[in-house]
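Remarks on the overall topology
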Amino acid sequence: MANPRAFVVTGGTSGMGLELVRHLSRDPANVVIVGARSPATAHALRAAVPELQLHVLPLDLERLSSVRSFAETVISLMAGGNVAGVACNAGAQFEGPLEKTDDGVERTFAANHLGHFVLVHALLPHLAAGAAVVSIASSAHLPGSALASRIGFRGAIFPNAEAVANGQLDPGTSVAQQALDRYGASKLCNILFAFEMARRVPVSRARFLALDPGLMPGTGLARGRSSLSRFMWFYVLPAFRFAMGAVMSTPERSAAALGALVTGTSYGDRTGVHVDFTLAETPTSADAKRTDLACDLYDVSSRRGGVVGLPVAGADVVKT
């Protein structure tokens, strides 16, 4: 499939990911390769996109062997062609006590950061020049965020990258708070990853951006939470969408923003940028700007993911 307009999307079977695949497939020149935990059940995705424009492959971001297998299959499908863009869209919140994957890292860290870290490094030699890689951020990383604090988030707690990978952030708090803290830390990881890759990869080679899609109740993000939390997420919060339009989006609206970033329609010559679902550049936390944290995360992720790290490029980077 030597097609320079092939896009890779994780978490493309529901919510914003599904809407993104729909958005990309409106251009008949585009082919979308979607990573899904269960391709056989991706009925809504297959119904939404013409068969010739879609490949659905197995991908479990909590298992590094699955990530590597997915990347190898993508490269094989490309048959020497290049990937036009990557949307690192998949993510999850998990309630309950700390759990680790078979690779020995905390589940939230694995699903939201490490799996994508390994995937992007595997695909990097096969990206088209200037291709965009977009990570999904969240106000959950931001201390003092009014909306996030109402849900229980208190900003990312990041003692060091090894502690985040092990899920050991603030063990003196409740089990529920620790779970929220692990999600907030994973979202900081997504921003640090985008910024650090922008330092290590010249903009002429590939571009790295982070998108805060806003609060999108009704999506699959809460699948790992309790029955009560899922009820609130799917049925109660959507009723407040119009009253909270400044911070609450829809999968369709946020997917359009994500599509503009991954195709280069917006910020097509930029890297190391953090924007929201309106495509406005958006402030991050002070920790998100710390290169020492970003380097620590990069080093730990490289070691835990079995990735040969990249040096800091230091040139040809256009960043805010």
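Predicted model only: the values in this text are computed from it and were never measured.

Focus: the overall build of the chain
The secondary structure content of the chain amounts to 10 helices and 7 strands. Across the 320 residues that make up the chain, the buried fraction comes to 56%. Of all intrachain contacts in the chain linking residues separated by at least 6 positions in sequence, the fraction that spans at least 24 positions is 73%. As presented, the chain carries roughly 12,600 Å² of accessible surface, and 56% of it is formed by carbon and sulfur atoms.

A few points about the sheet that holds strand β7 (residues 273-276)
Taken together, 7 strands build an open sheet; the order of strands is β3-β2-β1-β4-β5-β6-β7 and the sheet is parallel. The open sheet has two free edges, formed respectively by β3 (54-58) and β7, since each of these has just one partner strand. Sheet twist, expressed as the mean angle between neighbouring strand axes with direction ignored, is 20 degrees. Summarising the sheet, strand β1 (residues 6-10) and strand β2 (residues 31-36) pair through 5 bridges and their orientation is parallel. Looking at β2, one finds that threonine 10 is bridged to glycine 35. Contacts from helix α3 (residues 64-78) reach β1, β2, β3 and β4 (83-88), with the element oriented near 150 degrees to β3. Its contacts with the sheet place helix α7 (residues 175-200) against β5 (127-136), β6 (206-212) and β7, and it is angled at close to 155 degrees to β6.

As for helix α1 (residues 15-25)
The buried count for α1 comes to 9 of 11 residues, which makes it a mostly enclosed element. When α1 is considered as a whole, its buried residues turn out to be Gly15, Met16, Gly17, Leu18, Glu19, Leu20, Val21, Leu24 and Ser25.

Describing the side chain of threonine 108
You can see threonine 108 is positioned in helix α4 (residues 107-123). Within the structure, threonine 108 has its side chain in polar contact with the side chain of glutamate 106 (distance 2.7 Å). Not counting residues up to four positions away in its chain, the partners in contact with threonine 108 are Ala92, Phe94, His113, Arg182, Tyr183 and Ser186.

Some remarks on the pairing of β2
Of all 6 residues making up β2, 6 are buried, and the element is well covered by its neighbours. Burial of β2 is two-sided: the residues Val31, Ile33 and Gly35 facing one way and the residues Val32, Val34 and Ala36 facing the other way are all buried. Here β2 pairs with β3 via 5 bridges, running parallel. Paired with isoleucine 33 across the two strands is histidine 55, which belongs to β3. As for the winding sense of the linkage, the β-α-β connection from β2 through helix α2 (residues 43-48) to β3 is right-handed.

A word on the confidence of the model for the chain
On average, residues of the chain score 89 in pLDDT, and 86% of them are at 70 or above. Taken as a whole, residues 239-245 scores under 50 in pLDDT and shows 9 contacts with residues more than four places along the chain or in a different chain. Scored below 50 in pLDDT, residues 314-320 shows 18 contacts in the model against residues more than four places distant or in partner chains.

With respect to the packing of α7 against helix α10 (residues 291-305)
At their nearest, the axes of α7 and α10 sit 9 Å apart, and the two run at 90 degrees to each other. Accordingly, the angle class assigned to the pair α7 and α10 is roughly perpendicular. Residues Cys189, Leu192, Phe193, Glu196, Met197, Arg199 and Arg200 of α7 lie in contact with α10, whose contacting residues are Thr291, Leu293, Ala294, Cys295, Leu297, Tyr298 and Asp299.

What about the pattern of salt bridges?
Any two side chains of opposite charge can pair, on the condition that their charged atoms come close. Going through the model one piece at a time under the given rule, you end up with 16 salt bridges. Arginine 107 is paired through a salt bridge with glutamate 99; the nearest N and O atoms lie 3.3 Å apart. On the basis of relative accessible area, glutamate 99 is assigned to the partly exposed category, the value being 40%. Residues aspartate 170 and arginine 154 are paired through a salt bridge, measuring 2.8 Å at the closest nitrogen-oxygen approach. With aspartate 170 in the loop between α6 (161-166) and α7 and arginine 154 in the loop between α5 (146-151) and α6, this residue pair connects regions lying 16 residues apart in the sequence. Under the relative-accessibility criterion, aspartate 170 is labelled partly exposed at 25%. You can call arginine 154 partly exposed: its relative accessible area is 37%. Through salt bridges with shared partners, a single ionic network connects Arg37, Asp60, Glu62, Glu99 and Arg107.

Procedures and definitions
Residues numbered from 1 in each chain as written. Predicted model: local features only at pLDDT ≥ 70, side-chain atom pairs only at ≥ 80, totals over all residues. Heavy atoms only, no water. Helix = DSSP H or I, 4+ residues; strand = E, 2+ residues; numbered from the N terminus. Buried < 20%, exposed > 50% of the residue type's maximum accessible area, 1.4 Å probe, protein only. Contact = heavy atoms within 4.5 Å. Areas by Shrake-Rupley, 256 points an atom, 1.4 Å probe, with all protein chains shown as cover. Pairing = 2+ DSSP bridges. Axes fitted to C-alpha atoms, helices over the stretch in contact; angles between N-to-C directions. Polar contact = N/O pair within 3.5 Å; in protein donor to acceptor, adjacent residues only side chain to side chain. Right-handed = clockwise from strand over helix to strand, strands pointing away. pLDDT = per-residue confidence, 0-100. Parallel < 35°, antiparallel > 145°, perpendicular 65-115°, else oblique. Salt bridge = Lys/Arg side-chain N within 4 Å of Asp/Glu carboxyl O.

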